[in-house]
Amino acid sequence: MLGLTPEEWTAVGLSLRVATVATLASLVPGLGVAWLLARRRFPGRALLDGLVHLPLILPPVVTGYLLLLAFGRRGPLGAPLAEIGVVFSFRWTGAALACAVMGFPLMVRAMRLSIEAVDRRLEQAAGTLGANPFAVFLTITLPLSLPGCLAGAVLAFAKAMGEFGATITFVSNIPGETQTLPSAIYTLTQVPGGEGPALRLTLISIALSVTALLVSEFLARRAGRRLGAG
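Our subject in this report is the structure included herewith. Since the structure is predicted, the reported quantities are computational estimates derived from the model, not experimental observations.

1. Side note on unusual backbone geometry
- The backbone of Phe-90 shows a phi angle near 60°, a positive value even though the residue is not glycine.
- Turning to its location among the elements, Phe-90 is positioned in the loop between helix 4 (78–83) and helix 5 (92–116).
- Given a relative accessible area of 41%, Phe-90 falls into the partly exposed group.
- The backbone of Ser-172 sits at a positive phi, close to 65°, despite the residue not being glycine.
- Mapped onto the elements, Ser-172 comes out in the loop between helix 8 (165–171) and helix 9 (181–189).

Structure follows, in structure tokens:
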């Protein structure tokens, strides 16, 4: 039953590729935004927090449409990027962008909570010893919050693996190019005799999602124990 066809393997492989690129591309911006929200007070902080979490509130189709307007070949961001050969619309890179946007709030929230749990007295002590803020972050904040930050990355990866609405709106459902695992399942449910292949891909999707959640929970518990011991 789990013997996949080449087309199905392509969809699984593309999903893993898109989710990995989306997660890796979000790590540094996610850490930066999480640190700002956790450790700094500045005008517009509430607005930034709202913008970060907006994809969780908006329908995914709306997010995908906004990405199409902004990063389409004639969009304000897509047009200049297309001139230098960077194209997102109807490409797998666009699927990675859509997945990164949808998973970003989950990543930032987990990272922010982990950073907030770090004892600020340790950071202040390092500062009094002459360490600059960047050095304090690298030597104190990041190591102590690392398990929680990794948990956020795993959650973003799981979200990217299951993302459908924003992706299909932004980059369509092109086999071999933008047809990820959820898109392939949707396509199979629309054709006669597609129930078996759809079930196979559904089982794979469930297995990947459950694994990601278990890893995230393990990392979150480890972060809690580590910070509690500290």
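2. So, the pattern of salt bridges
- Under the definition given, this model contains six salt bridges.
- The residue Arg-112 makes a salt bridge to Glu-116 at a minimum N-O spacing of 3.1 Å. Of this pair, Arg-112 and Glu-116 both sit in helix 5, separated by four residues, roughly a single helical turn.
- Judged by its relative accessible area of 17%, Arg-112 falls in the buried class.
- Judged by its relative accessible area of 34%, Glu-116 falls in the partly exposed class.
- Note that Lys-159 and Glu-163 form a salt bridge whose closest N and O atoms lie 3.9 Å from each other.

Each value, and the rule that gives it
- Residues numbered from 1 in each chain as written.
- Predicted model: local features only at pLDDT ≥ 70, side-chain atom pairs only at ≥ 80, totals over all residues.
- Heavy atoms only, no water.
- Helix = DSSP H or I, 4+ residues; strand = E, 2+ residues; numbered from the N terminus.
- Buried < 20%, exposed > 50% of the residue type's maximum accessible area, 1.4 Å probe, protein only.
- Salt bridge = Lys/Arg side-chain N within 4 Å of Asp/Glu carboxyl O.

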